Amino acid sequence: MASIELGAINKIYPNGFHAVHDLDISVADGEFMVLVGPSGCGKTTALRMVAGLEEITSGRLQIGDRDVTTLPARERDIAMVFQNYALYPHLTVEDNIGFALSLRKLPKAEIKRRVSEAAEVLSLTEWLDRKPAQLSGGQRQRVAMGRAIVREPSVFLMDEPLSNLDAKLRVQMRAEVSRIQRRLGVATMYVTHDQTEAMTMGDRVAVMNAGVLQQCDEPQALYDHPDNLFVAGFMGSPAMNLYEATVSQDLASLRLGSQTLALPPAVSAKRPAVAAYADAKVVVGMRPEHLSLAREAADGAALAVDTELVEALGSEQLLHFKLDASRIHAPDVDEEKEIGEAVAGIGVARIEPEGQIKAGERVRLAVRPELMHFFDAATGVAITS
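Residues numbered from 1 in each chain as written. Predicted model: local features only at pLDDT ≥ 70, side-chain atom pairs only at ≥ 80, totals over all residues. Heavy atoms only, no water.

Student: Teacher, can you tell me more about empty space enclosed by the protein here?
Tutor: Sizing a probe to match a water molecule and rolling it over the atoms shows the empty space that remains. What the rule picks out here adds up to 2 cavities of 30 Å³ or more. The volume enclosed by the largest cavity comes to roughly 40 Å³. Along the walls of the largest cavity sit V81, M145, A148, I149, F156, M158, V177, I180, Q181 and L184, which together make up its complete lining. Elements with a minimum of two residues in the lining of the largest cavity: α4 (137-149), β7 (155-159) and α5 (167-184). Of the residues belonging to the lining of the largest cavity, the class tally is 9 nonpolar, 1 polar and no charged. Of the pockets and cavities examined, the second largest cavity occupies roughly 30 Å³. Forming the walls of the second largest cavity are G285, M286, R287, H290, L291, V367, R368, L371 and M372. Broken down by class, the residue content of the lining of the second largest cavity amounts to 5 nonpolar, 2 polar and 2 charged. (1 Å grid on protein atoms, 1.4 Å probe; cavity = no way out; pocket = protein on both sides within 12 Å on 5 of 7 lines; lining within 4 Å. Points joined across faces, edges and corners; volume = space filled by probe spheres on them. Helix = DSSP H or I, 4+ residues; strand = E, 2+ residues; numbered from the N terminus. Nonpolar A, V, L, I, M, F, W, Y, C, P; charged D, E, K, R; others polar.)

Structure below.
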C-alpha cells in the first residue's frame, strides 16, 4: 500500500494550453480522494498524469516512497478503471479478470486464487463462466474493477467509472465501489463531474476549475464552508442561491433588490469580517433547504417571491421562485457564463410537501440569516470569521 503526493504539478500542451496549474494534493494510504469539477477543468488530465498516460510538464509526483515523475506507467504499480469497461467479448468473466496476470505469466494456481478472491469481493463468483454480453452494466463495471483488483496495486485510479450506468444503478454502484475500496484499503483517486457522487463517496474532495484547485476538504466541510463562489455554486443539488446584496451601515439589515432582510446580531458576531462591508456590496448565498414558507406575514426574516415552477418529489417540493435581485451564476446552471456574472433572479427552495402552491403565486420565504454565506463581490472569496 502507498500514498500519493502531487507537488506543484503542471501540464502545458505544445500549443501552449495550460491544463493543470501547480496542483498540490496528498492522498493518504487507504484514503478515497475524489477530483470533481465541470467538464474541461483538468481533473482527468491530472489523473492521467498520475497514471503515466500524460507527461508531467513540471512538478513532482510521488507514490509511496518513490519519485515516479518520469517513470513509465508500467513501473508505477497502479491500476486504472476507465469510463468504458474495455472487456474482451470472447473471454469469460474469469478470463477477463485474470487477463493481466496471464500476460505476466503468473502460475495458474496464483491466478485462480486472485481471481476467486476478487470475484468474492465483487459478488461475481456465480458469473465467472459468463461472457460480458450476458452481464448487466453494473456487473460489467464490477468485472472491470476486478481486473484492477487482482493486480494488487499500490494505488487505484478511477476515471468516471459509473458515468455509463443508468441513474438507479449509479446510486447502487456508488455504495458498492465505496465498500470495495474500504475493504481493500488502497489509496484511490476517483474522477467525476457529478458533485453528488463526490459528496457521497469521498473521504475528501478536491474541487477543480480551469485547471486550478479551488478547495480540498471533507465533503461536509466543503458544503458548509465553501472557500469561494465557485465551490459554493458547484457543491450542492439544487445549487446554492447566490444574490448580489448591500449590507446596511449598521450591519442590521441586508438589501436584496427592492427588499430588506433583517440581520440579527448573531450574523455579524459569527462573521466579524462582514463589518468591513458596511454600506457595501456583497454576494449572499442561501442553500435551498435553508428556505421555507413563512408562517407569519409579519416575519421580518422573509422575502416575498413569485413562484415560477413547483416540482413535487413526494417527500419534498422544489419551489422555483423569482426574486427581484441579481442572481450570481452558479457553474452547474449555465457553464457558458462566467462565475460571478449576474443573471435573472431565479432561485430554488426545498420545502415541505404540504400545501398546493401554483405557478404565478406570490409567497413569502422565511430565511435563516445565521446560515447565510457571504462572499466578496469583487473577488468571490468567502467572508469568514
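Student: Teacher, can you tell me more about the layout of surface pockets here?
Tutor: Roughly 420 Å³ of internal volume is contained in the largest pocket. The wall of the largest pocket is formed by 19 residues, among which A79, M80, F82, R147 and R151 lie closest to the centre. With 4 residues, the single largest contributor to the lining of the largest pocket is strand β6 (residues 78-81). Broken down by class, the residue content of the lining of the largest pocket amounts to 16 nonpolar, no polar and 3 charged.

Student: How do you make sense of the sheet that holds strand β1 (residues 4-12) when you look at a structure like this?
Tutor: Strands pair in a sheet through their backbones, by hydrogen bonds, and they do so in one of two ways: parallel or antiparallel. One open sheet holds the 4 strands; their spatial order is β2-β1-β4-β5, and the pairing between them is antiparallel. Of all the strands in the sheet, the pair left with one neighbour each is β2 (18-27) and β5 (66-67). The pairing of strand β4 (residues 58-63) with β5 spans 2 bridges and is antiparallel. Within the sheet, the bridge partner assigned to I63 lies in β5 and is R66. Along the sheet, helix α1 (residues 43-51) contacts β1, β2 and β4; its crossing angle with β1, the most-contacted strand, is approximately 115°. (Pairing = 2+ DSSP bridges. Contact = heavy atoms within 4.5 Å. Axes fitted to C-alpha atoms, helices over the stretch in contact; angles between N-to-C directions.)

Student: Before we go on, may I ask you to explain the sheet that holds β7 in this structure?
Tutor: Read from one edge to the other, the open sheet built from 6 strands follows the order β6-β7-β8-β3-β9-β10, with strand pairing classed as mixed. Where the open sheet ends on each side, the last strands, each with one partner, are β6 and β10 (212-217). Each strand axis lies, on average, 20° off the axis of its neighbour in the sheet, ignoring direction. Sheet analysis places strand β3 (residues 32-36) next to strand β9 (residues 204-209), joined by 4 bridges and oriented parallel. Note on β9: the bridge partner recorded for V34 is V205. The strands touched by α4 are β6 and β7; relative to β6, the strand with the most contacts, the crossing angle is about 170°.

Student: Help me understand the pattern of salt bridges in this model?
Tutor: A side chain with one charge can pair with a side chain of the opposite charge if their charged atoms come near. By the definition in use, this model includes 18 salt bridges. Here R114 ties to E110 by a salt bridge, and the two come within 2.9 Å at their closest N and O atoms. One end of the pair is R114 and the other is E110, both in helix α3 (residues 108-121) and 4 residues apart, which spans about a single turn. Salt bridges sharing common partners tie together E110, R113, R114, E117 and E152. (Salt bridge = Lys/Arg side-chain N within 4 Å of Asp/Glu carboxyl O.)

Student: Sorry if this is basic, but what is going on with unusual backbone geometry here?
Tutor: When glycine is set aside, most residues are seen to have a negative phi, and most peptide bonds are trans. The linkage connecting S237 with the following residue, P238, adopts the cis geometry, with an omega of 0°. Mapped onto the fold, P238 is located in the loop between α8 (229-234) and β11 (241-247). Here the phi dihedral of S123 falls at roughly 55°; this positive angle occurs in a residue that is not glycine. Its location among the elements puts S123 in the loop between α3 and α4. Overall, S123 belongs to the partly exposed group, its relative accessible area being 43%. The backbone of A210 shows a phi angle near 50°, a positive value even though the residue is not glycine. (Buried < 20%, exposed > 50% of the residue type's maximum accessible area, 1.4 Å probe, protein only.)

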